[in-house]
Amino acid sequence: MSPGRDPDEDLVRRAGRGDPAAVQALVARKLPRVLNLAGRMLGDPAEAEDVAQEALLRAWKQAPGWKSGKARFDTWLHRVTLNLCYDRLRRREITGVQLPDRADPAPGAHEEMQARQLGVRVQAALAALPERQRSALALCHFQEIGAMEAADIMGVSIEALESLLARGRRRLRELLLETAREEGLA
Amino acid sequence: MSKPMTLERFAALAEAFGGRVSQWPHAERADAECLMAADPKVAERLLFEARQLDAALMEAPTFPVPNALREAVIAAAPKAGARAGGAAWWVFGAGWATAAVAGVALGLAGAAQLTNDMKVAAAWSEYGPAYEIPELTG
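Residues numbered from 1 in each chain as written. Chains lettered and ligands numbered in written order. Predicted model: local features only at pLDDT ≥ 70, side-chain atom pairs only at ≥ 80, totals over all residues. Heavy atoms only, no water.

Applicable threshold: UniProt positions are given in the numbering used here, feature names are shortened, and annotations may be inferred rather than shown by experiment.
Per an unreviewed UniProt entry, chain A is named RNA polymerase sigma factor, and its organism is Peiella sedimenti. On record in UniProt, under Sequence similarities (unreviewed entry), the comment for chain A is "Belongs to the sigma-70 factor family. ECF subfamily."

## As for the overall build of chain A
Stated precisely, the cut-off is as follows: Strands are runs of DSSP state E lasting at least two residues, helices are runs of H or I lasting at least four, and both sets are numbered from the N terminus onward. Exposure is judged per residue with a 1.4 Å probe applied to protein chains only, and the accessible area is read against the type maximum: over 50% gives exposed, under 20% gives buried, and values in between give partly exposed. Any pair of residues with heavy atoms lying within 4.5 Å of one another is described as a contacting pair. Surface accessibility in these figures is a Shrake-Rupley result with a 1.4 Å probe; residues are shielded only by whichever protein chains are displayed.
When you go through chain A residue by residue, the secondary structure sums to nine helices and zero strands. Buried positions account for 52% of the 186 residues belonging to chain A. Considering only contacts within chain A whose residues lie at least 6 apart along the sequence, 68% involve residues at least 24 apart. Here chain A displays about 8,500 Å² of accessible surface, and carbon together with sulfur accounts for 51% of that area.

## So, the overall build of chain B
Counting secondary structure elements, chain B contains six helices and zero strands. Starting at the N terminus and walking to the C terminus, you meet the elements of chain B as α-α-α-α-α-α. When the 138 residues of chain B are sorted by exposure, 34% land in the buried category. Within the structure as shown, chain B displays about 8,300 Å² of accessible surface, and the carbon and sulfur contribution to it stands at 64%.

## A word on the packing of helix H1 (residues 7-17) of chain B against helix H3 (residues 40-58) of chain B
All names here are of chain B. Rule in force here: Between the N-to-C directions of two axes lies an angle of 0 to 180 degrees, each axis being a line fitted to C-alpha atoms and, for a helix, fitted only over the stretch in contact. Angles below 35 degrees are treated as roughly parallel, those above 145 as roughly antiparallel, those between 65 and 115 as roughly perpendicular, and all remaining angles as oblique. Crossings are assigned a handedness: left-handed for a near helix turned anticlockwise from the far helix by less than a right angle, right-handed for a clockwise turn. Amino acids are sorted into nonpolar (Ala, Val, Leu, Ile, Met, Phe, Trp, Tyr, Cys and Pro), charged (Asp, Glu, Lys and Arg) and polar (every other residue, Gly among them).
One way to put it is that H1 packs onto H3 with a least axis distance of 9 Å and a crossing angle of 20 degrees. Judged by the angle between their axes, H1 and H3 are roughly parallel. When the axes of H1 and H3 are compared, the crossing they make is right-handed. Contacts from Leu7, Phe10, Ala11 and Ala14 in H1 reach Val42, Ala43, Leu46, Leu47 and Ala50 in H3. The class makeup of the residues in the contact of H1 with H3 is nine nonpolar, no polar and no charged.

## Brief notes about the interface of chain B and chain A
Much of the literature gives interface size as the accessible area that the parts lose upon coming together. Note the threshold: Put simply, buried area is how much 1.4 Å-probe accessible surface two parts lose in total, over both of them, once they are put together. The term salt bridge refers to a side-chain nitrogen of Lys or Arg lying within 4 Å of a carboxyl oxygen of Asp or Glu.
Counting residues at the interface gives 56 residues for chain B, matched by 58 residues for chain A. Summed over both sides, the interface between chain B and chain A buries roughly 5,200 Å², with carbon and sulfur atoms accounting for 64% of that surface. Taken together, the links from chain B to chain A amount to five salt bridges. With a closest N to O distance of 2.8 Å, Glu144 of chain A and Arg20 of chain B form a salt bridge.

## A closer look at the pattern of salt bridges
Using the criterion set out here, one finds 23 salt bridges over all chains in the structure. A salt bridge links Asp74 of chain A to Arg33 of chain A; the shortest N-O distance between them is 3.4 Å. Of the two residues, Asp74 of chain A sits in helix H4 (residues 73-95) while Arg33 of chain A sits in helix H2 (residues 20-42), which places them 41 residues apart along the sequence. Accessibility expressed as a relative area gives 26% for Arg33 of chain A, which makes it partly exposed. Across the salt bridge formed by Glu28 of chain B and Arg9 of chain B, the nearest N and O atoms sit 2.5 Å from each other. Of this pair, Glu28 of chain B sits in helix H2 (residues 26-38) while Arg9 of chain B sits in helix H1, and the two are 19 residues apart along the sequence. Here Glu28 of chain B falls in the buried class, since its relative accessible area comes to 19%. The class of Arg9 of chain B is partly exposed, set by a relative accessible area of 26%. What you see here is one network of salt bridges that share partners, running through Asp8, Arg29, Lys30, Arg33 and Asp74 of chain A.

## Regarding unusual backbone geometry
Residues and elements named next belong to chain A. With phi around 55 degrees, Glu144 is a residue other than glycine that occupies positive phi space. The topology assignment puts Glu144 in the loop between helix H7 (131-142) and helix H8 (147-154). By relative accessible area, Glu144 is classed as partly exposed at 46%.

## Description of the packing of aromatic side chains
Here is the rule we go by: Two rings from Phe, Tyr or Trp (for Trp, the six-membered ring) form a pair when their centres sit within 6.5 Å of each other. Planes less than 30 degrees apart are called stacked, planes more than 60 degrees apart edge-to-face, and all others tilted. Here, over-ring charges are defined by two tests on the NZ atom of lysine or the CZ atom of arginine: distance to the ring centre within 6 Å, and angle to the ring normal within 35 degrees.
For the structure shown, the criterion picks out four aromatic pairs over all chains. Ring geometry for Phe10 of chain B and Trp24 of chain B: centres 5.0 Å apart, planes at 65 degrees, overall edge-to-face. Of this pair, Phe10 of chain B sits in helix H1 while Trp24 of chain B is found in the loop between H1 and H2, placing the two residues 14 residues apart along the sequence. By relative accessible area, Phe10 of chain B is classed as buried at 0%. Trp24 of chain B gets classed as buried once you look at its relative accessible area, which sits at 1%. Sitting over the face of the ring of Phe142 of chain A, Arg40 of chain A holds its NZ or CZ atom 4.2 Å from the ring centroid.

What follows is the structure, encoded as structure tokens:
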């Protein structure tokens, strides 16, 4: 893709020179995005934090010599984060590690749990999607990245991205309806 | 002039990219807006269905950034005058060593935190130099 002017380039270079204000600004701008992408992909806050930390450390290593070429910094950072997530998902497959069941809610937390019920169902449905469909949805819907850039991050054509998104959204709708029926909500 | 967008194509875009046309591929937005102007009822119905799923997705929990994570990331950032990449290794090496000493001194009272620190340190050393880094420059 043609990235145009990279809005992060100046900040990354300044951060690479050790400018504390640039570091703070870059962390404020990127860490929440990276953490949320990893969270959507992995479904586990602790693992997502590990991935976000690793991704930002890679950014610090690259920052001193950063030049925006084919990819903008944000595109590059999302690609690094996704690769780290894929790697962790593969390790889960190899080791057979399952995410722990959610703990029983603490006393008094019932109302909060009810309020979060739909959110929990959505997160569970996302976790049930194949990882490429989940990636496409995470990038386009949650990260609000444009289609061209999301396709670039995933290394797929725009047509393939559209197909992943459509299948992902259809499956999500089915899963949400299934759980709603099971819980007597639909 | 390109052909007008069909309803089938409009529906496919809504199915894939959701109910906000502003999030659709740039190249197709103008044609989509023409169709919306020409057939607003059908277009609105298709968008409404997509927006229902969009709204459900908005309920997904977010992952707030813990202060400890923010501080660790900032602490590992390049320092003025430091060798590129050196700071991250130093901070994490020091952090791991400190956690290990603290764990022994406290009789592993802080075992959960230590385990997490060790996991981060191990992951970093495992993926550090050998991990494939996506292309940076054109």
